[in-house]
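The primary structure of each chain is shown beneath.
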Amino acid sequence: MMSDTAIEIAGAGPAGLAAAITLARAGRPVIVHEAQAEVGYRFKRDLQGLENWTTRQDALAVLRELGVATDFKRLPCRQGTVFDAWGKAYAIYSHEPLFYMVERGPGPDTLDTALLRQAIGLGVEVRFNSRVQQVHGPAIFATGPKAADVIAVGYHFDTHMADGFWAICDDDLAPKGYAYLLVMGGKGTVKSCMFTGFKQEARYVQRTVEAFARLVGLEMIDPRPHGGVGNFRIPVTARSGAHAVVGEQAGFQDTLWGFGMRAAMTSGVLAACSLLEGSDYDRLWRQELGALMAAAMVNRALYGLLGNRGYRWLLHQQENRSDARELLHRYYCPSLVRRLLAPLARRRFRSQRKDESCNHVDCSCVWCRHGREWHA
């Protein structure tokens, strides 16, 4: 690849912008195509969690080492409350942040805007309202999820509630998932994160709102409905023909609970490094993300079997531990047991994503849905 050849990136989400930042820092010209009129369009002002348990090193330190901006507004979350289906509260505590609450969307303090600001500052050309169908030069695809393996539906709102996080593990509110309430700086997000039962989403959202009103005094001012989808799988290859595919378009997402921003940005950096070094992108992501994704797949399969009584048992186990971050870290550590369970977990969990749009031979199609499950 000639050093003056512009590298095109389809998608200005965290994965695409992380790739652009890495390439620009190395002196490569980069053009990012974003189909929408602004960054973070589909998230509006969604509050989300940047997980901090899959590695011992703090997530913000990891991003800084990757060269990715961290000057976005964030709330370190060390204490919160989770309820079981019977309304019993379980205190969640960790010495270090369990996750960092961040805002998504085009606002001034969001994670998306911080990445965009860094990319533009490095000379990246970002073209909004630019939907590319095919590319033939060096490129990275980062166009987001292509199927709904999980949906999170609810409201954004203003509130006088204090900052914090709350969750409910109850299949009557969020089947095989969890309901959550996040508040930061007078803004809130309340949603049902469900892994099945999508056609009854309105019923589950209503139950979620009623439950949080009853349990914690949910106050919503000017509530605005919002929903999003998640797509995850472990791909055979994260390439579309000659091009690297990153973020949720490749399936890089936390299969257990959907905390995928960190994996998405990491995949973007790895894809950029593979272009700069001429190295094998599939080898890089498997080394960095493969074991974590396999562990998350096993965790998802086991969690899906628990039901409400099982969730209550799990919360009891957490209650007996002094540090929730340490407990979660253990669930994501590679082990012989998880490796043995991984093939069973993959057979139990099947992504809704299908191979439909091309023959995948030397493919240059940005919207390609190719990719089978990877069997390590």
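The paragraphs below set out a description of the structure included in this document. Note that this is a predicted model, so its numbers are computed, not measured. (Residues numbered from 1 in each chain as written. Predicted model: local features only at pLDDT ≥ 70, side-chain atom pairs only at ≥ 80, totals over all residues. Heavy atoms only, no water.)

### Some words on the pairing of strand 10 (residues 150-158)
When you tally the buried positions in strand 10, you get 7 out of 9 residues, the bulk of the element. When strand 10 meets strand 14 (residues 221-230), the two strands line up antiparallel, connected through 8 bridges. In the sheet register, Tyr 155 faces strand 14, and the bridge partner there is Pro 225. As defined by bridge partners, strand 10 adjoins strand 13 (residues 187-194) across 8 bridges and the pair is classed as antiparallel. Of the residues in strand 13, the one forming a bridge with His 156 is Thr 189. (Buried < 20%, exposed > 50% of the residue type's maximum accessible area, 1.4 Å probe, protein only. Helix = DSSP H or I, 4+ residues; strand = E, 2+ residues; numbered from the N terminus. Pairing = 2+ DSSP bridges.)

### Notes on the pattern of salt bridges
A full pass over the atoms with the stated rule returns 10 salt bridges. Between Arg 56 and Glu 326 there is a salt bridge, and its shortest N-O distance comes to 2.5 Å. Taken as a pair, Arg 56 in the loop between strand 3 (47-51) and helix 2 (59-66) and Glu 326 in helix 7 (residues 324-332) lie far apart in primary sequence, 270 residues in all. In this structure Glu 326 comes out as partly exposed when scored by relative accessible area, which is 31%. Linking Glu 103 and Lys 187 is a salt bridge whose minimum nitrogen-to-oxygen distance equals 3.3 Å. (Salt bridge = Lys/Arg side-chain N within 4 Å of Asp/Glu carboxyl O.)

### Observations regarding the layout of surface pockets
The computed volume of the second largest pocket comes to approximately 380 Å³. For the second largest pocket, the lining is made up of 22 residues, of which Glu 51, Thr 54, Ala 263, Leu 289 and Leu 292 are closest to its centre. Elements represented by at least two residues in the lining of the second largest pocket include exactly helix 2, helix 5 (261-277) and helix 6 (281-319). Examining the composition of the lining of the second largest pocket, we find that 5 residues originate from one element, helix 6, more than from any other. Looking at the lining of the second largest pocket, its residues break down into 11 nonpolar, 6 polar and 5 charged. (1 Å grid on protein atoms, 1.4 Å probe; cavity = no way out; pocket = protein on both sides within 12 Å on 5 of 7 lines; lining within 4 Å. Points joined across faces, edges and corners; volume = space filled by probe spheres on them. Nonpolar A, V, L, I, M, F, W, Y, C, P; charged D, E, K, R; others polar.)

No statement about biological role is implied by the geometric values presented.
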